[in-house]
Every structure is written in structure tokens, then in C-alpha cells.
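Listed here are the chains, written in short residue letters.
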Amino acid sequence: MDWIERISNIRPWKRNGERAPHKPLLLLYALGRFQRHGGEPIPFSAAEPDLKRLLKEFGPPRDTSPGYPFHHLTNDGIWLVDTVHGPGSPGSELGRLRDAQASGRLHPDLLRALSDDSHLVVRLARHLLDANFEPSMHADICLLTGLDLETRGAADPMGVQARPGVRRDPAFREHVLMAYEYCCAFCEYDGWLDGAPVGLDAAHVRWWAFEGADDLANGLCLCAIHHKLFDKGVLGLTTERTISVSAKFVGRTSTAKEMVLALAERPTRIPQPGLAPVDAANIEWHQRQVFRSPARNG
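Predicted model, so just to flag it, every value in this text is computed and none were measured.

Draft legend 1. The pairing of strand 2 (residues 79–83), seen in detail. Taken across its five residues, strand 2 has four buried, putting it largely inside the fold. Here strand 2 runs beside strand 4 (residues 103–106); their pairing, made up of four bridges, is antiparallel. Directly across from Leu80, in strand 4, lies its bridge partner Arg105. By the bridge criterion, two bridges tie strand 2 to strand 3 (residues 86–87) in an arrangement that is antiparallel. Considered in strand 3, the bridge of Asp82 is made with Pro87. What sits between strand 2 and strand 3 in their antiparallel hairpin is a turn of two residues.

Below, the structure is given as C-alpha cells:
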């Protein structure tokens, strides 16, 4: 059985194209638990605060409940829920899951496959990360889920692609950095080391995992810290290509004020003449799916 393909076919919750990584986050959490505790059932009482934090940090901008993935993942044939009353989930309501002392576990066939192939947990986790999150977020997600992707096997080069039939453009980073003259579009940082740019990234505005293209109309040259803040929704763009800063962000030091808060409503750097700026449709996607509104006034 091809478990990567099975996981690729998980049915996500959908409404108006909204990003919904609830099930992937639960699976990553369960894989991290498998690395540490084997196939032991996961009590909802233990998972609830962890899933709540994962959804708050890496889920959509709206509030959401850890009960949703814990219950609804049972519809995909890879997750089982039991209660003190027997097999089967009592539903997604937090009160019902708590009162029934619910616990979840990976399907026995998947647990057997994970035990038989020590590299499978890494391949599954990397696929889930690539298919649902920007690379700048992967290390933080692994830290919170307890996943170790470094010591348990390499990626499977024959695995299912996050976007079948679509390959990444290896020239994307160079094209974006060149367009912005090797300078952060938000703060104008432009560091070099031994003749190569350092601390500068090509950020996707619409995430690659969600149909974002590897082209200038979807790219920004950002320094590493502003790239991370952009992917976490602290920073955003307006269709006038000025910088938005989330009113939910708190920074008390002078450094945080200078590097983040002072950016509110500041125009971004624009590409060199003749090169495409960020497309408004990609900006609007980021506003809806990533940015933590409301925006702070400058």
C-alpha cells in the first residue's frame, strides 16, 4: 500500500478556497508521537492543548477547534477514535470528546507500515509539510510536533509530489533576488558574504503548496526575518503594495518597533523597471489566507 498516496488523498475541509491544514497538523502531531511513544493511543486530553497551539500558529487566520481534525480525520481511513463507551468518535464538539475520554490512534495498517519501514515516518512528514506549508515554517512545526526528520532517513526521491506534474523552478530565487537588486523589499537589507547574498530569500506571496507559481508576479525578495514574519501573517501587503502589520503583533523593544511596527503602511521596494510586480490576485490570497487581520495603522 502506498501510504504517501493515501495521505495525499485526504479530503480537506473546504469553503471558498480557505486554507485548511487541520488534518495535516494532526497527522504530523501523530507521527511525532509515534517517533517518541510508538503506537500508543493519544488521549484527547493530552492532544487538545498541543493541537490548539499548532492550529493557532500554523492554521488559518480564523479561530478553529482542535476537535475538528480529531473527529473528521476518521473519515479518511487512517485515524481511529475510541471512547470509554467503545469504538467510534462522539463528534467534533470539545465537550463530547472530553466527557467521553476520547483517544485517537493511527490505523493499525499504517502503524505496521511505520514499524516495518523506519524511513516511512520521515517521508510522510516531509510530504505533509511540502503539501501544506511554506518551507520557512517547517522547522517550527517539527519542533512543536516533536518530529525528528534529520536522523531517521532521507527523503524518498520516488515519492508522490506535493503538486503532481508541477516541478519547482530552481531559478526562482535568483530571478526574484535579481529583480529586487538583492535587497529586502521591506527593510532594504542587502548583506553579502564572499560574493554571494546572505540572509535573503525569495518568498512566495501565494504559497507554492496552494497553487502559487515560481515567478516574479508571486515573489518578493525578503530578508530571513521578514520572510518568516510574512509567512506567519505578522506582515502582509495591500493591493497598493504597502506593508501591513498585524495589530495582533506585540513588540516592546526598540528593535521590534524598528524592524516590524515601523513598517506599517510603508511602501514596499518595487522590482527593477520592466519586471513584473506582485500580482494583485496573489496579494489578495495572502490577505485572506495568511495575514492576521486587522492591520495596524502607521
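Draft legend 2. Region of the structure containing the packing of aromatic side chains. A complete count under the given rule lists seven aromatic pairs for this structure. Each ring, one from Phe44 and one from Phe70, has its centre 4.9 Å from the other, and the planes form 70°; the classification is edge-to-face. Taken as a pair, Phe44 in helix 3 (residues 44–58) and Phe70 in helix 4 (residues 67–72) lie far apart in primary sequence, 26 residues in all. Residue Phe44 shares its accessibility class with Phe70, and that shared class is buried. Looking at Arg168, its charged tip hangs above the ring of Trp208, at a distance of 4.3 Å from the centre.

Draft legend 3. Structural detail: the pattern of salt bridges. One pass over the full model with this rule turns up 12 salt bridges. A salt bridge links Asp117 to Arg123; its shortest N-O distance comes to 2.7 Å. Put simply, Arg53, Glu57 and Lys232 are held in one network by salt bridges that share partners.

Draft legend 4. Summary view of a negative patch on the surface. Residues Asp169, Asp215, Asp279 and Glu284 make up a contiguous surface patch of negative charge. Within the element layout of this structure, Asp215 appears in the loop between strand 7 (200–204) and strand 8 (219–223). In this structure Asp215 comes out as partly exposed when scored by relative accessible area, which is 35%.

What counts as what
Per chain, residue numbering runs from 1 following the sequence as it is written. Local features in a predicted model are, by the rule used here, given only for residues with pLDDT of at least 70; side-chain atom pairs are given and counted only at 80 or more, and totals for whole chains, interfaces and linings are based on all residues. Excluding hydrogens and water, the side-chain figures rest on all heavy atoms present in the structure. Categorising residues by exposure relies on relative accessible area from a 1.4 Å probe, with only protein chains included: less than 20% of the type maximum marks a residue as buried, more than 50% marks it as exposed, and the intermediate range marks it as partly exposed. Helix numbers and strand numbers start at the N terminus; a helix is a DSSP run of H or I with at least 4 residues, a strand a run of E with at least 2. Strand pairing is assigned whenever DSSP identifies at least 2 bridges connecting the two strands. Two aromatic rings, drawn from Phe, Tyr or Trp (for Trp, its six-membered ring), form a pair once their centres lie within 6.5 Å of each other, and the interplanar angle then sorts them: stacked below 30 degrees, edge-to-face above 60, tilted otherwise. Ring-over charges, as used throughout, are those where CZ of Arg or NZ of Lys falls within 6 Å of the ring centre and within 35 degrees of the ring normal. Throughout this description, the term salt bridge denotes a Lys or Arg side-chain nitrogen within 4 Å of a carboxyl oxygen of Asp or Glu. A residue counts toward a patch only above 30% relative accessible area and without a salt bridge, and it is joined to like-charged neighbours within 9 Å or, for Val, Leu, Ile, Met, Phe, Trp and Tyr, to nonpolar neighbours within 5 Å. With residues, only the protein chains shown are counted as cover, and all accessible areas are computed by Shrake-Rupley using a 1.4 Å probe. Positive charges come from Lys and Arg alone, negative charges from Asp and Glu alone, with His and the N- and C-terminal ends not counted. A charge is said to be at NZ when it belongs to Lys, at CZ for Arg, at CG for Asp and at CD for Glu.

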